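# A structural walkthrough
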Amino acid sequence: MSEPTSSGSPSTSGSDREGPAATPADLAGRPLVFRNATVLTMDASRRVLNEADVLISGDRISALGPHLDVPVGTAEIDATGGIVMPGMIDTHRHMWQTALRGYGADWTLTQYFVWNYLQWGKCFRPQDIYAGNLLSAIEAIDAGVTTTVDWSHNLQTIDHAEAAADALEEVPGRFVLAYGNIQQAPWEWSVAPEFGDFVARRFPGGNDMLGFQMAFDVPPASPDFPEKAAFEVARELNVPVTTHAGVWKVTTDDGIRLMYQHGFMQPSSIYVHAASLSTDSYHRIAATGGSASLSTESEQSAGQGYPPTWKLREHGIGVSLSMDTSVWWSADLFSAMRATLSADRAREHLEAHARDETVTHHKLRAEQVVQWATRGGAMALGLDSVTGSLEPGKKADVVLIKNDASPVMVPILNPYGHVVFQAQRGDVHTVVINGTVVKYDHRLVGSDLDKARRVVGQTVEYLKGQLGPDAWHEGMHPEIPETRVLDNPYTYTYTED
Ligand SMILES: [Zn+2]
């Protein structure tokens, strides 16, 4: 165990708070030092520090290195046998859908669209958006995801939007509300006066704990490009646009071309999935400095296209990771890193084997996907000066991976590989966000999980009632296409002469 204690180093002698601090409350309002960890800084030179300390003062990281002298009264967490790394960043998640966690595990993208966009998404009331967001936000910080973009595309009214923002403000994490509304065209909701009022009222600027984006897609459409009006609102408000781009047969090169021709491709633009695109579109993204948000489990399982890791690297396009939606998957970025690395390698091997060749050296390494899960997200969100790496002066978004009860934490030889292929969210011991301890010793601090459980339960009951038992069951269990078993040439009947 690693009970927090006041630091025993000589510089702290004379503290009136010496001795073991028995509860997480004792961590509040004091400097905090992680002692004796393997530290993945994710700084520009990707330094890895062994047996090192990380000191947090106020909301910022103040020092890194071995045997740090710390101020009197500093709380201490023994990180021996653990890995300290920057908080992870999820750049695209439809948090409201967490209220129906796992419901669509067997869906394709088509079934998702029919259920959410055409049939049942409109049933979600403001309190249902709130419930999904609250649970989702708590799930994120529990998993060591310190910043999450809420790709909130069911904000049918301003009351829905208020509910989404309320939930994000209630949980001590870093969030970005990406405002969208699948029930209306973006050139309609974005120009409504109440939308502008909402943004001005709740997002006055200068708050790096709750940012703002606009979220809408550009499907192949009329050449008069009606989405132009929404992009103009984003430009007027000076907020980034996040858009599902390169989703097989849904959003195509057409959308990228129109955005480019009208000057709406910006360094702050985020292209979610970016899978089914031509070389020409990747050139346009690279030339304008935007980045891609890869949701590998989603691309693989729902059918947006193959996760385009090798194409993005070929074009020098920035990459961040995301989990898309808990209606299929989860908020677990360990899973995202693992799936992304595996997908890249699987494709490389499969294509080589088709040429009768053997891959002897992998191009994509664990270190790179850890970078995508941390600093890549910060860069995509324009938060690189705030979070994404452990460097003095940055805000303290810090995760300790440590689990003394797990055989998987021994030995730690290749820390990047350990994070990607060995660790899991159950190994997240401590999470600090903006200098505040929000999880300690595997337990959440300052989040009301009981409340989230209660309100999500109410939402599930309500939605079940709206659908009725048949639609509820059919929605969760789509028909299975028939599988034809091949004729087998080796089948015979043995007869004795
Ligand atoms: Zn999505």
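For the structure, check the block above.
Residues numbered from 1 in each chain as written. Predicted model: local features only at pLDDT ≥ 70, side-chain atom pairs only at ≥ 80, totals over all residues. Heavy atoms only, no water.

His92 (NE2), His94 (NE2), His244 (NE2) and Asp324 (OD) make up the full set of protein donors to the zinc ion, lying at 2.1 to 2.5 Å. Around the zinc ion, the four donor atoms sit at angles spanning 81 to 172 degrees, and that spread fits a shape best called irregular. (Donors = N, O, S within 2.8 Å, 3.2 Å for Na, K, Ca; no water. Tetrahedral: all angles 85-135°; square planar, octahedral: opposite > 155°, others 65-115°.)

Okay, the packing of aromatic side chains next. For the coordinates displayed, the defined rule picks out 26 aromatic pairs. Ring centres of Tyr179 and Trp189 lie 5.2 Å apart, and the angle between their planes is 35 degrees; this geometry places the pair in the tilted category. On the criterion of sequence distance, the pair formed by Tyr179 in strand β9 (residues 174–179) and Trp189 in helix α4 (residues 186–189) is long-range, its members being 10 residues apart. Each member of the pair Tyr179 and Trp189 is classed as buried. Residues Tyr179 and Phe212 carry aromatic rings whose centres are separated by 6.3 Å and whose planes lie at 50 degrees to one another, so their mutual orientation is tilted. (Phe/Tyr/Trp six-rings, centres within 6.5 Å; stacked < 30°, edge-to-face > 60°. Helix = DSSP H or I, 4+ residues; strand = E, 2+ residues; numbered from the N terminus. Buried < 20%, exposed > 50% of the residue type's maximum accessible area, 1.4 Å probe, protein only.)

Bringing the sheet that holds β9 into the picture now. An order of β7-β8-β9-β10-β11-β12-β13-β14 is seen for the eight strands of this open sheet, with the pairing classed as parallel. Of all the strands in the sheet, the pair left with one neighbour each is β7 (88–93) and β14 (318–321). Within this sheet the neighbouring strands show an average axis-to-axis angle of 25 degrees, counted without direction. In the sheet, strand β10 (residues 210–215) pairs with strand β11 (residues 241–245) via two bridges, with the strands oriented parallel. Residue pairing for β11: Ala215 is matched across the bridge by Thr242. Across the sheet, helix α12 (residues 366–373) lies against β7 and β14, angled at about 75 degrees from β14, the strand it touches most. (Pairing = 2+ DSSP bridges. Axes fitted to C-alpha atoms, helices over the stretch in contact; angles between N-to-C directions. Contact = heavy atoms within 4.5 Å.)

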